[in-house]
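# Geometric and topological summary
Okay, here's what each chain looks like letter by letter:
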Amino acid sequence: EVGHGIAAQLLPLADRVHKLTIVPRGGAAGFMMPLPSETQHYSKSRLLDSIAVFLAGRVAEELQFSDVTTGAQNDFQRATSIAKRMVAEWGMSDHLGHVALIEETQNFLGYGSESRSYSNATAQAIDAEVKKIIETQYTRVRLILEQNRHAMDRIVAALLERETLTGEEFVTVFEGGILPEETETSKPPLEPGFTPNNLLPKTGGV
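The notes below deal with the structure included here.

Each value, and the rule that gives it
- Residues numbered from 1 in each chain as written.
- Predicted model: local features only at pLDDT ≥ 70, side-chain atom pairs only at ≥ 80, totals over all residues.
- Heavy atoms only, no water.
- Salt bridge = Lys/Arg side-chain N within 4 Å of Asp/Glu carboxyl O.
- Buried < 20%, exposed > 50% of the residue type's maximum accessible area, 1.4 Å probe, protein only.
- Helix = DSSP H or I, 4+ residues; strand = E, 2+ residues; numbered from the N terminus.
- Polar contact = N/O pair within 3.5 Å; in protein donor to acceptor, adjacent residues only side chain to side chain.
- Contact = heavy atoms within 4.5 Å.
- Phe/Tyr/Trp six-rings, centres within 6.5 Å; stacked < 30°, edge-to-face > 60°.
- Pairing = 2+ DSSP bridges.
- Axes fitted to C-alpha atoms, helices over the stretch in contact; angles between N-to-C directions.

Here the structure, examined in full by the defined rule, presents eight salt bridges. One salt bridge connects Glu 89 with Arg 85, and the closest N-O pair in it is separated by 2.5 Å. Judged by relative accessible area, which is 4%, Arg 85 ranks as buried. Overlapping salt bridges bring together Glu 62, Arg 142 and Glu 146 as one network.

Written out as structure tokens, the structure is:
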């Protein structure tokens, strides 16, 4: 979760942290909740930043434990869904051009039915482009977390002590500040209506 938070803080077009917690809720062992976004149309650059934020959790696992877990499954699914739609639906691939090759019934972070109108060769080209996007953003966010390892360690320590950080507390710890003594009344509540599907930014359309 700290990996997601640091990526969201440093990537220029990512939605900043609203809340970070390691308190289990629903099917999630913890979550990073972003500040609400009013954006209805995402630019290519902003979509790439969103993909990088999704991938940052797995990168943080690798850096912290020199191992990986199954916890990044949903992150990979959502990052891959965005990348595939960038390539095959939104005309954001220089290699494949400005064409819409698929149609999906769900919102852009969902997993709706797909209508194909392309050959097997084109399918392979789409897969290659998607993989390129994912691997490029993975390398990008890994460099960010490596360069901010001390900040990651500070935030981990704060989360282990408090379990939940507000966006303001997250920024304070990230920048090397000291949090005030916590009291029972100062503990931030979890957001009502939280579900694992709203861990990170999504919109109803692009």
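Having seen the model, we can carry on.
Let's shift gears to the side chain of Asp 49. As for its placement among the helices and strands, Asp 49 is situated in helix H2 (residues 44-65). Residue classification places Asp 49 among the buried residues on the basis of a relative accessible area of 2%. Separated by 2.8 Å, the side chain of Asp 49 and the backbone nitrogen of Leu 13 make a polar contact. Polar contacts involving the side chain of Asp 49 include one to the side chain of Arg 140, which spans 2.7 Å. Residues in contact with Asp 49, not counting those within four places in the same chain, are Leu 11, Pro 12, Leu 13, Ala 14 and Arg 140.

Across all of its chains, the model carries one aromatic pair by this definition. Ring centres 6.3 Å apart and planes at 15° place the aromatic pair Phe 170 and Phe 174 in the stacked group. Of this pair, Phe 170 and Phe 174 both sit in helix H6 (residues 167-174), four residues apart, roughly one helical turn. Overall, Phe 170 belongs to the buried group, its relative accessible area being 0%.

Our focus in this paragraph is the sheet that holds strand E5 (residues 164-166). Here we have three strands laid out as an open sheet, ordered E2-E1-E5, and antiparallel in their pairing. The sheet is open, and its two borders are formed by strand E2 (31-34) and E5, each paired with just one other strand. Strand-to-strand, the axes of this sheet are offset by a mean angle of 10°, without reference to chain direction. Here three bridges tie strand E1 (residues 17-21) to E5, and the two strands are oriented antiparallel to one another.

Any functional reading would require information beyond the geometric quantities listed.
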